[in-house]
Amino acid sequence: MSLDWIYYAISWILLVWHRAWDAIGVPDSAVLGTNWAWILAIIFLVVTVRVILFPVFVKQIKSQRAMQALQPQVKALQDKHKGDRETLQKEMMELYRKEKANPLMGCLPMFLQIPVFLGLFHVLRRLDPANGGKTLYGWTVGQFESASAAKLFTAPIAGKFGSTAEELARLGANGTTVKVMAGILVLVMMGTTYLTSKQMILKTGWAEDPQQKMIQRLMLYGIPLSLLISGAIFPIGVIIYWVTNNLFTLGQQQWVLRKFPPPPNVTAAKSGTSGARNPVQPAKTGGLFGRKAAPPAPTKPAAPKVAGPKPGAKPVNPKKGRPAKRQG
């Protein structure tokens, strides 16, 4: 299957935004070693894609809320069919179908952005001055040469941590500068990717469903760690896109989570008890960076209970030190 339509779409959006910033007056030449018109074009490529996908993102949040509300029923099925994984999966799929909850909806926005990422990766990888197909995907020769010379703090946006000496020579770049800039951006990319997943888990809590919990762990730890290796082959422009996308996600998730807050602890509401075994884990409220919540106010200790007198013991005069009254 040809992906040319994706390459044409990504190129068109980039070129439209570059022309827009050029028309506004953003200089095409380097300022502080950076060609801001091209950097802003990549950033607003993110904005364009995220605005288009915003309705899908809202559906993702609603689906996650529905999945969280079903956790007590999922837990009951797990206890009922313990040891019978096949029956458990059938019952859970039937429950999701009946309640119109989709476990895969949580990953849909990420999957829809994969073609955009691949398209930008391909387009920026082609920005080699030695490339003969400069007018491919709707580019003019002037636009191609301008983009291939574009830099972020003197590091070309087409360069990458793993660029060869020949590639760096054609881009007119210093190898040390490219490695330092790419390395910093990869670390920022890993950190912001981790924070986007942590932000969601802090608000919703860990899922009881093993399949959902495995996806949460993969999103939280697996993907950021994989970027440490794969980031070496990403052009700097692609890393700029990824970091911008993560920052956009952090802000968007914060807004949506306030608009659609997580449901209360359904288990406690249904059972009416707070000491049930293995309750649904509540969402943490300590903040994105793990700040601890304020400790609860100290409670006044209860007065100690006074044991009653033993049978046969002599009565104790409560008014110690006072003379006993004479009986008349």
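This one's a predicted model, so the numbers in the text were calculated from it and none came from an experiment.

(A) A look at the overall build of the protein chain. The secondary structure content of the protein chain amounts to 11 helices and two strands. Overall, the protein chain shows an N-to-C arrangement of helices and strands of α-α-α-α-α-α-β-β-α-α-α-α-α. Within the protein chain, contacts between residues separated by at least 24 positions form 73% of all contacts whose residues are at least 6 apart in sequence. Approximately 19800 Å² of the protein chain is accessible, and the part contributed by carbon and sulfur atoms is 64%.

(B) The arrangement of the confidence of the model for the protein chain in detail. Averaged over every residue, the pLDDT of the protein chain is 80; the share at 70 or more is 77%. Mean pLDDT across the elements of the protein chain ranges from a minimum in helix α11 (residues 266–271), with 39, to a maximum in strand β2 (residues 155–156), with 96. Under a pLDDT of 50 for its full length, residues 266–286 has, in the predicted model, 25 contacts with residues more than four places off or in other chains. The low-confidence segment residues 289–294, where pLDDT is below 50, has six contacts with residues more than four positions distant or belonging to other chains.

(C) Structural detail: unusual backbone geometry. At Tyr137, a residue that is not glycine, the phi angle is positive and equals roughly 65°. Tracing the chain through its elements places Tyr137 in the loop between α5 (108–125) and α6 (141–148). Accessibility expressed as a relative area gives 8% for Tyr137, which makes it buried. One non-glycine residue with positive phi stands out, namely Phe153, at about 50°. Checked against the element boundaries, Phe153 lands in the loop between β1 (151–152) and β2. Using a relative accessible area of 40% as the deciding quantity, one classes Phe153 as partly exposed.

(D) Molecular detail of the pattern of salt bridges. Enumeration according to the criterion identifies five salt bridges in this entry. Taking the shortest distance from any N to any O, the salt bridge between Arg170 and Asp128 comes out at 2.9 Å. Of this pair, Arg170 sits in helix α7 (residues 165–171) while Asp128 sits in the loop between α5 and α6, and the two are 42 residues apart along the sequence. One salt bridge connects Lys134 with Glu145, and the closest N-O pair in it is separated by 3.4 Å.

(E) Seen up close, helix α1 (residues 4–24). Spanning 21 residues, α1 covers 30 Å between terminal C-alpha atoms, matching the ideal 30 Å at 1.5 Å per step. Burial in α1 covers these residues: Ile6, Tyr7, Ile10, Ser11, Ile13, Leu14, Leu15, His18 and Trp21. In the core, the buried residues of α1 are packed alongside α2 (36–69), α5 and α6. Remark: Gly25 follows α1 within two positions and exhibits a positive phi of approximately 120°.

(F) Inspection of the side chain of His18 at higher detail. Among the structural elements, His18 can be located in helix α1. Using a relative accessible area of 9% as the deciding quantity, one classes His18 as buried. Ignoring sequence-local partners within four residues, the contact set of His18 consists of Asp28, Ala37, Trp38, Ala41 and Ser146.

(G) Structural view of the packing of helix α3 (residues 71–80) against helix α4 (residues 85–99). It is at 10 Å that the axes of α3 and α4 come closest, and there the two elements cross at 160°. When the interaxial angle is binned, α3 and α4 end up roughly antiparallel. Once α3 is placed against α4, the crossing between them reads as right-handed. Within the contact between the two elements, α3 uses Gln73, Val74, Leu77 and Gln78 and α4 uses Leu88, Glu91, Met92, Leu95 and Tyr96. Of the residues that constitute the contact of α3 with α4, the class distribution is six nonpolar, two polar and one charged.

(H) Highlighting the side chain of Arg50. Here Arg50 is to be found in helix α2. What makes Arg50 buried here is its relative accessible area of 4%.

(I) Structural view of the environment of Ile61. Residue placement: Ile61 occurs in helix α2. Distance in space between the C-alpha atoms of Ile61 and Pro261 is 9.4 Å, their sequence separation being 200 residues.

(J) Examining a nonpolar patch on the surface more closely. There is a patch of nonpolar side chains on the surface, built from Leu108, Met110, Phe111, Leu112, Ile114 and Leu118 and spanning about 470 Å² of accessible area. Counting through the fold element by element, Phe111 comes out in helix α5. In this structure Phe111 comes out as partly exposed when scored by relative accessible area, which is 46%.

(K) Highlighting the nonpolar core. In this structure, Trp139, Phe234 and Ile236 are the most contacted members of the largest nonpolar core, which totals 49 residues. Elements represented by at least two residues in this core include exactly α1, α2, α5, α6, α7, α8 (175–204) and α10 (236–259). Leu70, Leu88, Leu95 and Ala101 belong to the second largest nonpolar core, which has nine residues in total.

(L) Fine view of the packing of aromatic side chains. Summed over the entire model, instances satisfying the criterion amount to 14 aromatic pairs. Geometrically, the ring pair formed by Trp17 and Phe44 is tilted, given 4.8 Å between the ring centres and 45° between the ring planes. Here Trp17, found in helix α1, pairs with Phe44, found in helix α2; they are 27 residues apart in sequence, far enough to count as distant. When its relative accessible area of 24% is taken as the criterion, Phe44 is described as partly exposed. An angle of 40° between the planes, with centres 6.4 Å apart, marks the rings of Tyr194 and Tyr221 as tilted. One end of the pair, Tyr194, is in helix α8; the other, Tyr221, is in helix α9 (residues 210–230), with 27 residues separating them in the sequence.

About the criteria used
Throughout this description, residue numbers start from 1 for each chain and increase along the sequence as written. This being a predicted model, a pLDDT of at least 70 is required before a residue's local features are given, and a value of 80 or more before pairs of side-chain atoms are given or counted; all residues contribute to the totals for chains, interfaces and linings. Hydrogen atoms and water are omitted, and side-chain values are computed over all heavy atoms in the structure. A run of H or I in DSSP becomes a helix once it reaches four residues, and a run of E becomes a strand once it reaches two; helices and strands are each numbered from the N terminus. Any pair of residues with heavy atoms lying within 4.5 Å of one another is described as a contacting pair. Where accessible areas are quoted, they stem from the Shrake-Rupley method and a 1.4 Å probe; at the residue level, only the protein chains shown are allowed to cover. pLDDT runs from 0 to 100 and stands for how confident the predictor is about each residue. Burial here depends on accessible area, computed with a 1.4 Å probe over protein chains only, as a share of the maximum for the residue type. Under 20% is buried, over 50% is exposed, and the range in between is partly exposed. We count a salt bridge whenever a side-chain nitrogen from Lys or Arg sits within 4 Å of a carboxyl oxygen from Asp or Glu. What a helix is expected to span follows from its residue count: subtract one and scale by 1.5 Å. Geometry is summarised by axes, namely lines fitted to C-alpha atoms with helices restricted to the contacting stretch, and by angles between N-to-C directions that run from 0 to 180 degrees. Roughly parallel refers to an angle under 35 degrees, roughly antiparallel to one over 145, roughly perpendicular to one between 65 and 115, and oblique to any angle outside these ranges. Helix crossings get a hand from a simple test, with the near helix turned counterclockwise from the far one by less than a right angle marking a left-handed crossing and a clockwise turn marking a right-handed one. The nonpolar class holds Ala, Val, Leu, Ile, Met, Phe, Trp, Tyr, Cys and Pro. Asp, Glu, Lys and Arg form the charged class, and all remaining residues, Gly among them, are polar. Patch members must show over 30% relative accessible area and no salt bridge, and they are joined within 9 Å when carrying like charges or within 5 Å when they are nonpolar side chains of Val, Leu, Ile, Met, Phe, Trp or Tyr. Throughout, nonpolar core names a set of buried Ala, Val, Leu, Ile, Met, Phe, Trp, Tyr and Cys residues whose side chains join them through atoms within 4.5 Å. Two aromatic rings from Phe, Tyr or Trp, using only the six-membered ring of Trp, form a pair when their centres are within 6.5 Å; if the ring planes differ by under 30 degrees the pair is stacked, by over 60 it is edge-to-face, and anything between is tilted.

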